[in-house]
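# Analysis of the macromolecular model
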Amino acid sequence: RTEVRQRRPAPSGRRPPPIDPQTLMIRRAVALGVAVVAVILLVVIVKGCVDSQAKTALKTYDRNVARIAAASDSEVSRPLFTLLAHTAGKQPQDVNTAIDNYKVTADQQIKQAEGLNTPDEVVEAQRDFLLALELRRDAVSRIAGLIQSAMSRTPSAGGAIAKVAGQIGRAS
């Protein structure tokens, strides 16, 4: 089946009337005003998104640091102090092994802290946080190296006990 197409009427050859210069200027001014408002809105929206992203990054960083710090307290400091307060009747090697395990945990926490996405605003705070975790780990390591001597019944035990006591302040 063949469809018959209707022809469009041929243009009449008339051109639209010319726009007077004042109307043209008004239209251009309105278009420019709309463009300026659109650009301002776009800038405000983009800035809001960037600010929101930065705020979210800070909140996430803060939550992660708080989680690691709480874990360090609950998995290293408190158990270490509890262990040191109750060493009577325990074998020095068992105490040393437990302290070594706390050092391993402290090492893992340092690695977690090093892996945090740190916003530019808190780079210095991140360095301080890592330093605190490293000092705690180092103190736990030194206590592990001294605990067997401190628990011995030898004359050198007093000196080792004093050194352990000195490291306790760093591990807290």
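Residues numbered from 1 in each chain as written. Predicted model: local features only at pLDDT ≥ 70, side-chain atom pairs only at ≥ 80, totals over all residues. Heavy atoms only, no water.

## Concerning the confidence of the model for the protein chain
Taken residue by residue, the protein chain gives an average pLDDT of 86. The fraction at 70 or more is 88%. No element of the protein chain has a lower mean pLDDT than helix 4 (residues 157–171), at 69, and none a higher one than helix 2 (residues 92–114), at 95. (pLDDT = per-residue confidence, 0-100. Helix = DSSP H or I, 4+ residues; strand = E, 2+ residues; numbered from the N terminus.)

## Remarks on the pattern of salt bridges
Evaluation of the coordinates by the stated rule reveals 5 salt bridges. A salt bridge links Lys 103 to Asp 107; its shortest N-O distance comes to 2.9 Å. Separated by 4 residues within a single helix, Lys 103 and Asp 107 lie in helix 2, roughly one turn from each other. Residue Arg 137 pairs with Asp 107 through a salt bridge whose shortest N-O separation is 3.0 Å. Of this pair, Arg 137 sits in helix 3 (residues 123–151) while Asp 107 sits in helix 2, and the two are 30 residues apart along the sequence. Each of Lys 103, Asp 107, Arg 137 and Asp 138 takes part in one network of salt bridges that share partners. (Salt bridge = Lys/Arg side-chain N within 4 Å of Asp/Glu carboxyl O.)

## Focus: the nonpolar core
Taken as a class, soluble globular proteins show a tendency for nonpolar side chains to be buried jointly. The biggest cluster of nonpolar side chains holds 17 residues, and the ones touching the most others in it are Leu 80 and Ile 99. Residue assignment for this core shows that the elements contributing at least two residues are helix 1 (21–85), helix 2 and helix 3. When residues of this core are assigned to their parent elements, the largest contribution, 7 residues, is made by helix 3. Those residues in contact with Ile 99 that sit more than four places away from it in its chain are Leu 80, Leu 83, Leu 84, Val 140, Ile 143, Ala 144 and Ile 147. (Core = buried A, V, L, I, M, F, W, Y, C linked by side-chain atoms within 4.5 Å. Buried < 20%, exposed > 50% of the residue type's maximum accessible area, 1.4 Å probe, protein only. Contact = heavy atoms within 4.5 Å.)

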